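# Descriptive analysis of the structure
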Amino acid sequence: MIPEFGHFSLILAFAVAVVLSIVPIIGAAKNDTVMMSMARPAALTQFLFVGLAYAILTRAFIVHDFSVLYVAENSNMVQPLLYRISGVWGAHEGSLLLWTLILSVWTVAVAAFSRHLPDVLVARVLAVMGMVSVGFLTFMLFTSNPFERIFPAPIDGNQLNPLLQDPGLAMHPPMLYIGYVGFSVAFAFAVAALLGGKLDATWARWSRPWTTVAWAFLTIGIALGSWWAYDELGWGGWWFWDPVENASFMPWLAGTALIHSLASTEKRGVFKSWTVLLAILAFSLSLVGTFIVRSGVLVSVHAFATDPRRGVYILAFLCVVIGGSLALYAWRSATVVSRGRFDWFSRETALLLNNIVFVTAAAAVFVGTMYPLLVDALGIGKISVGRPYFDVMFSLISIPLLLLLGIGPMIRWKGDSWPRIARIATTIFIISLVLGLLAPFVFEDGLNIKTGLGLAGALWVALTALRDLVVRIKQHRHLSRSYLGMVLAHLGVSLFVIGIAITTTYSVEKDLRMDPGTSYNIAGYEFRFDGIKKTPGPNYVANQATITILKNKEKIGVLHPQKRTYGGRGNPMTEASIDIGLFRDLYAALGEPLSNGAWSMRIYYKPMIRWIWAGCLFMAMGGFIAVSDRRYRQKVKQRISFRRSREVLVES
Amino acid sequence: MRKRSQRKLLVVGVLIGVIIATALGLKAFNQNLLYFYSPSQVKAGEAPAHHSFRVGGMVVKGSVKRDTKDLGVRFVVTDNAATVKIKYTGILPDLFREGQGIVAMGRINPDGTFVAEQVLAKHDEKYMPPEVAAALKAGKKLKAEQRKNGTI
């Protein structure tokens, strides 16, 4: 019976979502306070019902209720608890439920933290989020019900895809979804503002913290995915330009443009309609991401749906959301006037150029990802876009990006003088360039222009950010949290670029055949293969190798890469073993058994690869710190005290 | 007047930048388009001789032969109508198996052997790479036609 309660709970959530998406918006149009005040309770009720459904599905996983088809397909008796809980979002139906749950959490959060906003706006924002929710609930109820039963129930289930049984990956989808779905808040604010025809700077101030939080979560989600690919797929790469990765990268690029554009709109009231367009774009790309990942257009570990109805539904939903919001934009944006005036050499221009760079990057990824799908859909042929295309595009794009990133934050709003900036920047520029180009000599005996320029760019970004910080501290100027957040995020970019430049150039990767007792040297480390032993795990059996690492004849570590076979499915799984370090990773993964006890093996030396993820973490932390800035909280307090005094007046 | 000309300069600069980026991007795009060919198409000589491409099909049972000294491996893929010999040096993916669908990326030698730089089997064993599924379907059709025309 309990799973039926889950299903019923979803139906109730759907009914509430329909109310949430219709009543408040009519109320806003008629200026009817009663109808508008329906929005908050409806948001809360929707969350309770979706949350209940989610809890029931999780329970079915924990207690091994294999009469639920979805549980039987993704869990079994020996699956550890962690992977039973994460199994909920391990396949299509459950991941949709997670998406809907996160959307309802964001909706409640907006309802709770918007006391200081005008009621009309809140009603519209919540209603728009309700519409998105209706779309997803319909999809779930009609094409992908997670509570579907099978009869007779199997005694034991299949299992969660072994590749997904990894702690990093257990956290990857929730983080990614919090980010994706978080952009729906910015989207809802944008659509609400268009509906109301009131697009002022306060609109940007309200939606900015939401967007930054969503962006920070998305950053963490993508970084976790990249770390998982490195750790789990056994190839030792951190980014593959796989369409599925690109699907999460496109909303990130649009979101990054959006948080910068929101800054100009909030501070100076410029680029208003452009910012609205970006908010629509960022959320649309999140939906496109869902579409290409979930619809089965791309066959990969992520693509669950093979039912063509699902693909058609998502496509239709996509058309309604993107088409509808763009039509609204076309109709309303003419009324938006950007009043702020600025000089050509100003912070505004720098941020505009930033936006051009990020949108170009998103377009480059979009073309590389969608063109093969288009060609396939038209029946012209089967093609794929090779990795070098993306590599070339992003090395090109990073040049203006890094140059701007150093200089942009120095330039004053409204207008600045070139000589002032040149006086500050020239020295740093020369120092970065010289140090950057000299740095490769530490690793090799020659000039490496590409790596050198990458390092110079990273240094330039870090030094300009740090100089600005030091100057501000010396002048005893107030350091706001949003400023510190920005500095941290920009330093994160610098770490990220250093990591990429060093790893791509100086990694040593060897695929080789090793007999027990033999050793192999790479980058000054000796990898000695001591042998293979059968080792049982909770729900798998592994061939585990022992590899001793020696440096200058001294033992510095032992690696235990495994080849696992999981019970339910017969295919082997590679589990790499990595000796982690701030400046280098030593990586070993097993290939396959060859003759005479020998194994094929991957042995890698990966210098500074951790810096890539550390950089992402810095960026995300920067986002969180920026959001905690006083001005977002102060505003609330002022309004509340104002309202209180008004209430006191009324009472007296 | 000066301000206006400066602004013009900026706009022109950005435009030139975008044009250069687009041109370089298109060039990189064209150079890195990888077409997929089925074994039948390769046999018919449709695949490019001097450019990388992808080929895919089922790994023929009993065709996988390993070198005893290094990581070299040779195998044959088929779409049930034609076959292609593939040579690869390195570690095969976990899901590589005889009788499974795979996709290989590389170039074809004058002797007709395909030298793979990369061999892909999809993450989940339930699925067949879509290109391979389509190639197998086409191969089946081709074979049926050949039978009908009495060419086999």
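The structure this text deals with has already been given above.
Everything numeric here is computed off the predicted structure, so don't read it as measured data.

Bringing the packing of aromatic side chains into the picture now. Residue and element names in this part refer to chain A. One pass over the full model with this rule turns up 36 aromatic pairs over all chains. Aromatic side chains Phe61 and Tyr70 sit 5.8 Å apart centroid to centroid with 80 degrees between the ring planes, which places their arrangement in the edge-to-face category. An identical accessibility class is assigned to Phe61 and Tyr70; each is buried. Pairing Phe249 with Phe394 gives two aromatic rings, centres 5.6 Å apart and planes at 40 degrees, and the pair type is tilted. Of the two residues, Phe249 sits in helix α10 (residues 243-268) while Phe394 sits in helix α14 (residues 387-407), which places them 145 residues apart along the sequence. For the pair Phe249 and Phe394, one class covers both residues: buried.

All names here are of chain A. By the element assignment, Thr219 lies in helix α9 (residues 201-232). Judged by its relative accessible area of 3%, Thr219 is buried. Side-chain polar atoms of Thr219 contact the backbone oxygen of Trp215, separated by 2.7 Å. In this structure Thr219 touches Trp252, Cys616, Met619 and Ala620, once residues within four positions along its chain are discounted.

Looking now at the layout of surface pockets. Empty space left among the atoms is revealed by rolling a probe the size of a water molecule over them. By volume, the second largest pocket is sized at about 810 Å³. In this structure, the second largest pocket is lined by 32 residues; those nearest its centre are A:Leu353, A:Val357, A:Pro400, A:Leu403 and A:Leu404. Those elements that place two or more of their residues in the lining of the second largest pocket are α13 (347-377), α14 and α15 (418-438) of chain A together with α1 (2-31) of chain B. The greatest single-element share of the lining of the second largest pocket, amounting to nine residues, is contributed by α1(B). In this structure, the lining of the second largest pocket is formed jointly by two domains, domain 2 (169-183 + 197-416) and domain 3 (417-505 + 622-652) of chain A, each of which donates at least three residues.

This brings us to the sheet that holds strand β11 (residues 599-607) of chain A. Hydrogen bonds between backbone atoms are what pair the strands of a sheet, whose relative direction is either parallel or antiparallel. Residue and element names in this part refer to chain A. The four strands lie next to each other as β2-β11-β10-β9, forming an open sheet whose pairing is antiparallel. Every other strand in the sheet has two partners, leaving β2 (508-514) and β9 (577-579) as the edge strands with one partner each. This sheet shows a mean twist of 20 degrees between the axes of neighbouring strands, independent of strand direction. Pairing between strand β10 (residues 584-593) and β11: eight bridges, direction antiparallel. Each bridged residue has a counterpart across the sheet, and for Leu590 the counterpart in β11 is Met601. In this fold helix α18 (residues 481-506) packs onto β2 and β11, with an angle of close to 140 degrees to the strand it touches most, β11.

Here the focus is the pairing of strand β1 (residues 33-37) of chain B. Of all five residues making up β1(B), four are buried, and the element is well covered by its neighbours. Both strand β1 (residues 383-385) of chain A and β1(B) contribute to a ladder of three bridges, which runs antiparallel. The residue bridging A:Ile383 from the neighbouring strand is B:Tyr35, located in β1(B).

Our next topic: the environment of B:Gln100. Residues and elements named next belong to chain B. Within the secondary structure, Gln100 is located in the loop between β5 (83-89) and β6 (101-108). The exposure class assigned to Gln100 is buried, which follows from its relative accessible area of 19%. Sequence spacing of Gln100 and Lys61 is 39 residues, and the spatial spacing of their C-alpha atoms is 9.1 Å. Residues contacting Gln100, with those up to four places away along its chain left out, are Gly57, Met58, Val59 and Leu95.

Conventions and cut-offs
- Residues numbered from 1 in each chain as written.
- Chains lettered and ligands numbered in written order.
- Predicted model: local features only at pLDDT ≥ 70, side-chain atom pairs only at ≥ 80, totals over all residues.
- Heavy atoms only, no water.
- Phe/Tyr/Trp six-rings, centres within 6.5 Å; stacked < 30°, edge-to-face > 60°.
- Buried < 20%, exposed > 50% of the residue type's maximum accessible area, 1.4 Å probe, protein only.
- Helix = DSSP H or I, 4+ residues; strand = E, 2+ residues; numbered from the N terminus.
- Polar contact = N/O pair within 3.5 Å; in protein donor to acceptor, adjacent residues only side chain to side chain.
- Contact = heavy atoms within 4.5 Å.
- 1 Å grid on protein atoms, 1.4 Å probe; cavity = no way out; pocket = protein on both sides within 12 Å on 5 of 7 lines; lining within 4 Å.
- Points joined across faces, edges and corners; volume = space filled by probe spheres on them.
- Domains from an automatic or database assignment.
- Pairing = 2+ DSSP bridges.
- Axes fitted to C-alpha atoms, helices over the stretch in contact; angles between N-to-C directions.

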